[in-house]
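Read off the chains here:
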Amino acid sequence: LLPPAAMTSFPAICWSGEPGRVMAALAGGADVNESIDGHTGLMVAALENLEPVVEVLLQQPGLEVNLVDVYDKTALHWASSRGHLGVVRRLLDHPGMACLNYKNKDGETPIMTVLRLGEMDVAKELLLKLELDTGARNKEGDDLNAIARLGGNLEAWVKVKEEAKEVFKEQIKEYKEICNKAEK
């Protein structure tokens, strides 16, 4: 339970899941980056899969999408770890997103966490980002394949990598077609 003073905090308003309340609070001067116990409204909304609230927050010009909590987790870590694919997509599309490879206190990036937990739809979405460090290792020195294997998800991870490879091939083909048209 939140302490009484925290019940009116901006993160608690975000936790309500009501975009109208969030917009009203922001219009009334609420700080979009306010945190309670290190958790911002964006982190709360990402954790709870409150996609309409996430959407409102991501439209705010002062939003700092890469903030970390007391566990060094970002909103992307929280949404990824819970398998909230829609929220993950929205976060990844934000122009300020820069924490794709950020390691939390456990030494895990968001992709490491999803491979351990078996959230393969999210793993594929993260893998499709060119900025993803596929050579990253956790505190124990495990690479992504080892983490997937330890989580019992290696076979699914191999399949995700093959699917991503096909997506990249299609994107390259489309790019070449666009270049060829431009040359004519």
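Scroll up for the structure.
For the structure given in this document, a descriptive report is provided here. (Residues numbered from 1 in each chain as written. Predicted model: local features only at pLDDT ≥ 70, side-chain atom pairs only at ≥ 80, totals over all residues. Heavy atoms only, no water.)

A closer look at the packing of aromatic side chains
Here is step 1: One pass over the full model with this rule turns up 0 aromatic pairs.
Here is step 2: Residue placement shows Lys73 over the ring face of Trp78; its charged tip is 4.4 Å from the ring centre. (Phe/Tyr/Trp six-rings, centres within 6.5 Å; stacked < 30°, edge-to-face > 60°. Lys NZ or Arg CZ within 6 Å of the ring centre and 35° of its normal.)

Re helix 8 (residues 120–127)
Here is step 1: With respect to burial, helix 8 is a largely interior element, 6 of its 8 residues being buried.
Here is step 2: Listing the buried residues of helix 8 in full gives Met120, Val122, Ala123, Glu125, Leu126 and Leu127.
Here is step 3: For helix 8, the secondary structure elements touched by its buried residues are helix 5 (75–81), helix 6 (85–93), helix 7 (110–117) and helix 10 (154–183). (Buried < 20%, exposed > 50% of the residue type's maximum accessible area, 1.4 Å probe, protein only. Helix = DSSP H or I, 4+ residues; strand = E, 2+ residues; numbered from the N terminus. Contact = heavy atoms within 4.5 Å.)

A word on the pattern of salt bridges
Here is step 1: Evaluated as defined, the whole model comprises 8 salt bridges.
Here is step 2: Notably, a salt bridge pairs Glu51 with Arg90, separated by 2.9 Å at the nearest N-O pair. In this pair, Glu51 sits in helix 4 (residues 51–58) while Arg90 sits in helix 6, placing the two residues 39 residues apart along the sequence.
Here is step 3: Residue classification places Glu51 among the partly exposed positions, given a relative accessible area of 25%.
Here is step 4: The partner of Lys165 in a salt bridge is Glu162, with the nearest N and O atoms 3.5 Å apart. (Salt bridge = Lys/Arg side-chain N within 4 Å of Asp/Glu carboxyl O.)

A look at the side chain of His77
Here is step 1: Mapped onto the fold, His77 is located in helix 5.
Here is step 2: On the basis of relative accessibility, which here comes to 2%, the residue His77 falls in the buried class.
Here is step 3: Polar contacts involving the side chain of His77 include one to the side chain of Thr74, which spans 2.9 Å.
Here is step 4: A polar atom in the side chain of His77 sits 3.0 Å from the backbone oxygen of Tyr102. (Polar contact = N/O pair within 3.5 Å; in protein donor to acceptor, adjacent residues only side chain to side chain.)

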